[in-house]
Amino acid sequence: MMKRLITVVCASLLLSACASMPGQPSELSQRVDGTYMYSVEKNARRMGVRVEWVNPPLQKLEAPAPRVVTFGSSASNDDPDEN
């Protein structure tokens with residue numbers, strides 16, 4: 001029983017740590033759509049309505065290109081077939 005409890009607690013901790021990691025692709029590929037918010041708020045003010053954003057509209061962005069890391073020098077020729 002104690003072994004199962006320890007396993008469940010460890011799994012819960014690991015899963016919760018992964019869920020809260022900053023910089024996930026979904027966070028990086030979206031930002032608040034300020035232009036749309038400004039337009040809605042401007043129209044609402046003209047009609048005397050107050051807008052409170054609970055879930056602000058998001059603007060999709062292109063995902064950043066993956067970084068490529070190479071090791072070694074491009075000046076060295078390690079391939080014996082190219083000599």
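Only a predicted model underlies this, so the values are computations on that prediction, with no experimental measurement involved. (Residues numbered from 1 in each chain as written. Predicted model: local features only at pLDDT ≥ 70, side-chain atom pairs only at ≥ 80, totals over all residues. Heavy atoms only, no water.)

1. Some words on the overall build of the protein chain
Tallying secondary structure elements over the protein chain gives 3 helices and 2 strands in all. Helices and strands appear in the protein chain in the N-to-C order α-α-β-α-β. Put simply, the protein chain has 83 residues, and 6% of those count as buried. Excluding contacts between residues fewer than 6 apart, the proportion of contacts in the protein chain whose partners are at least 24 apart in sequence is 58%. When the accessible area of the protein chain is evaluated, it comes to approximately 8000 Å², of which 60% is carbon and sulfur surface. (Helix = DSSP H or I, 4+ residues; strand = E, 2+ residues; numbered from the N terminus. Buried < 20%, exposed > 50% of the residue type's maximum accessible area, 1.4 Å probe, protein only. Contact = heavy atoms within 4.5 Å. Areas by Shrake-Rupley, 256 points an atom, 1.4 Å probe, with all protein chains shown as cover.)

2. A few points about the confidence of the model for the protein chain
For the protein chain, the average pLDDT comes to 75, and 65% of its residues sit at 70 or higher. Least confident of the elements in the protein chain is helix α2 (residues 25–28), whose mean pLDDT is 52; most confident is helix α3 (residues 34–46), at 94. (pLDDT = per-residue confidence, 0-100.)

3. What to know about the pattern of salt bridges
Applying the stated criterion to the full structure yields 1 salt bridge. The partner of Arg-50 in a salt bridge is Glu-52, and the shortest N-O contact between them spans 2.9 Å. On the basis of relative accessibility, which here comes to 61%, the residue Glu-52 falls in the exposed class. (Salt bridge = Lys/Arg side-chain N within 4 Å of Asp/Glu carboxyl O.)

4. What to know about α3
Under the 1.5 Å per step criterion, the end-to-end length of α3 is 18 Å for 13 residues, consistent within 8% with the ideal 18 Å. Directly beyond the C-terminal end of α3, a positive phi value near 75° is found at Gly-48. (Expected span 1.5 Å × (residues − 1).)

5. Here we look at a nonpolar patch on the surface
Taken together, Met-2, Leu-5, Ile-6, Val-9 and Leu-13 make up a surface patch of nonpolar side chains, about 500 Å² in accessible area. Turning to its location among the elements, Leu-13 is positioned in helix α1 (residues 2–19). (Patch = residues over 30% accessible without salt bridge, like charges linked within 9 Å, V, L, I, M, F, W, Y side chains within 5 Å.)

6. Thoughts on the side chain of Asp-33
With respect to the helices and strands, the residue Asp-33 is situated in the loop between β1 (30–32) and α3. It is Arg-31 that comes nearest to the buried, bridge-free Asp-33 among opposite-charge side chains, at 7.2 Å. Residues within four places of Asp-33 in sequence aside, it is in contact with Pro-57, Leu-58 and Gln-59. (Lys, Arg positive; Asp, Glu negative; His and termini not counted.)

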